[in-house]
Amino acid sequence: MGDYDISRFTTVGIVGVPPLAVIRALNEAKVIIHDLDARLVTASIDGVSPLLPKVYCAILRTVVLNALHLKLDAIFIDVGPGKCDCALHVSTILKEILSIPVIRTRNVDVAGCGTPISKARQDLTEKLLAITEGVKYATVTPCQFKSCKPKAGFWGVPPRDFSLLEPFPVTTHIYGWTRCMENKTPADEVLEAYCNPKVPTVFFAQSFCAKTALAKFLADRHPQALYLDVDFTTSSSAKAKVQAFLELSGALS
């Protein structure tokens, strides 16, 4: 694992989806893993303003906030095609401001693990939580949810604010990078671009994320689509748009 001895680490943070080999090595060493993309601390996001511009991806601003406040032995950050160039720049900043190793990885894994959670009948928030929690483990926990025919689709990345997911029915299928996360192949362009033209779909990305380009592109070509980008928190207006779209498309009937 490069010049670093994982057995010396007790608690680490990960950004994006590091290669399966990295996660497996951390699991085998019984290292505690924190997903720094998630909301883990209550400190104000304004604390990262001296380091990152406010007009920047809310997920990566959250990464820096977590890194500043959590007690970690190292950070493993995916800076390859499975994440983004912005993550590469954030790794440069973290290397400069932290006293712990910031280890860059590039996940180009191609062996898929399947996407049963993405296709399951279950509350969408619970499914997203299951997928994001699964990033911490090399082995795949059998899906506890039953599959279903989709009446709605959520395409995109896990939002920073999960309240965006509340209006969706339990028959929502997950597409985009979130499905790639479950499959443990975050750089799979074909899987990420896949969506079902027969299913009313919300195409989502965080504001200022490069994936907004693909979200908008796919939404423009989908017969029943809502394109949506949200910055730091989900506004009542954004929720109302999702609710109205799902109702008018018949997804909630």
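Since the model is a prediction, treat every value here as computed from it, not as a measurement.

## Quick notes on the packing of aromatic side chains
For any pair of aromatic rings, geometry is given as the distance between the ring centres together with the angle between the planes. For the coordinates displayed, the defined rule picks out five aromatic pairs. Between the aromatic rings of Phe-154 and Phe-168, the centroid separation amounts to 5.8 Å while the plane-to-plane angle is 90°, which identifies the pairing as edge-to-face. Here Phe-154 is found in strand S5 (residues 152–156), whereas its partner Phe-168 is found in the loop between S5 and strand S6 (172–175), with 14 residues between them in sequence. Phe-168 carries the same exposure label as Phe-154, and that label is buried. Ring geometry for Tyr-175 and Tyr-194: centres 5.7 Å apart, planes at 65°, overall edge-to-face. Note that Tyr-175 is positioned in strand S6 and Tyr-194 in the loop between helix H6 (189–193) and strand S7 (201–206), a separation of 19 residues in sequence.

## Looking at a nonpolar patch on the surface
A cluster of nonpolar residues, Leu-51, Leu-68 and Ile-97, forms a patch on the protein surface that exposes about 200 Å² of accessible area. Note on placement: Leu-51 falls in the loop between strand S2 (32–35) and helix H2 (58–69).

## Describing the domain arrangement of the chain
The parts lose accessible area when they come together, and the size of an interface is often stated as this lost area. Structurally, the chain comprises domain 1 (7–105) and domain 2 (117–248). Inter-centroid distance (C-alpha atoms) of domain 1 to domain 2 is 23 Å. Taken together, the contacts link 22 residues of domain 1 with 20 residues of domain 2. Carbon and sulfur atoms make up 67% of the area that domain 1 and domain 2 hide from each other, which totals about 1,900 Å². Per-residue buried area on domain 1 facing domain 2 is highest for Val-17, Arg-39 and Ala-58; these three make up 28% of the total on that side. At the boundary of domain 1 with domain 2, the tally comes to one salt bridge. Salt-bridge contacts for Asp-161 lead to Arg-39; the nearest nitrogen and oxygen are separated by 3.9 Å. Across the domain 1-domain 2 interface, the total number found is four residue pairs in polar contact (both at pLDDT 80 or more). Taken together, the elements giving at least two residues each to the side of domain 1 that touches domain 2 come down to helix H1 (20–28), S2 and H2.

## Quick word on the side chain of Ser-118
Along the chain, the position of Ser-118 falls in the loop between strand S4 (102–105) and helix H4 (124–134). Relative accessible area serves as the criterion here: at 0%, Ser-118 is assigned to the buried category. Apart from residues no more than four positions distant in its own chain, Ser-118 is found in contact with Lys-127, Ile-131, Thr-172, His-173, Ile-174, Arg-179 and Glu-182.

## So, the sheet that holds S4
Pairing is parallel across the open sheet formed by four strands, whose spatial order is S2-S1-S3-S4. Edge positions in the sheet fall to S2 and S4, since each of these pairs with one other strand and no more. The average undirected angle you get between the axes of adjacent strands in this sheet is 25°. Note that strand S1 (residues 11–15) and S2 share four bridges and pair parallel. When the sheet's bridge partners are listed, Val-12 is paired in S2 with Ile-33. Running over the sheet, helix H3 (residues 85–97) touches strand S3 (74–78) and S4 and is turned about 160° from S4.

Cut-offs applied
Residues numbered from 1 in each chain as written. Predicted model: local features only at pLDDT ≥ 70, side-chain atom pairs only at ≥ 80, totals over all residues. Heavy atoms only, no water. Phe/Tyr/Trp six-rings, centres within 6.5 Å; stacked < 30°, edge-to-face > 60°. Helix = DSSP H or I, 4+ residues; strand = E, 2+ residues; numbered from the N terminus. Buried < 20%, exposed > 50% of the residue type's maximum accessible area, 1.4 Å probe, protein only. Patch = residues over 30% accessible without salt bridge, like charges linked within 9 Å, V, L, I, M, F, W, Y side chains within 5 Å. Areas by Shrake-Rupley, 256 points an atom, 1.4 Å probe, with all protein chains shown as cover. Salt bridge = Lys/Arg side-chain N within 4 Å of Asp/Glu carboxyl O. Domains from an automatic or database assignment. Contact = heavy atoms within 4.5 Å. Buried area = accessible area lost by both parts, 1.4 Å probe. Polar contact = N/O pair within 3.5 Å; in protein donor to acceptor, adjacent residues only side chain to side chain. Pairing = 2+ DSSP bridges. Axes fitted to C-alpha atoms, helices over the stretch in contact; angles between N-to-C directions.

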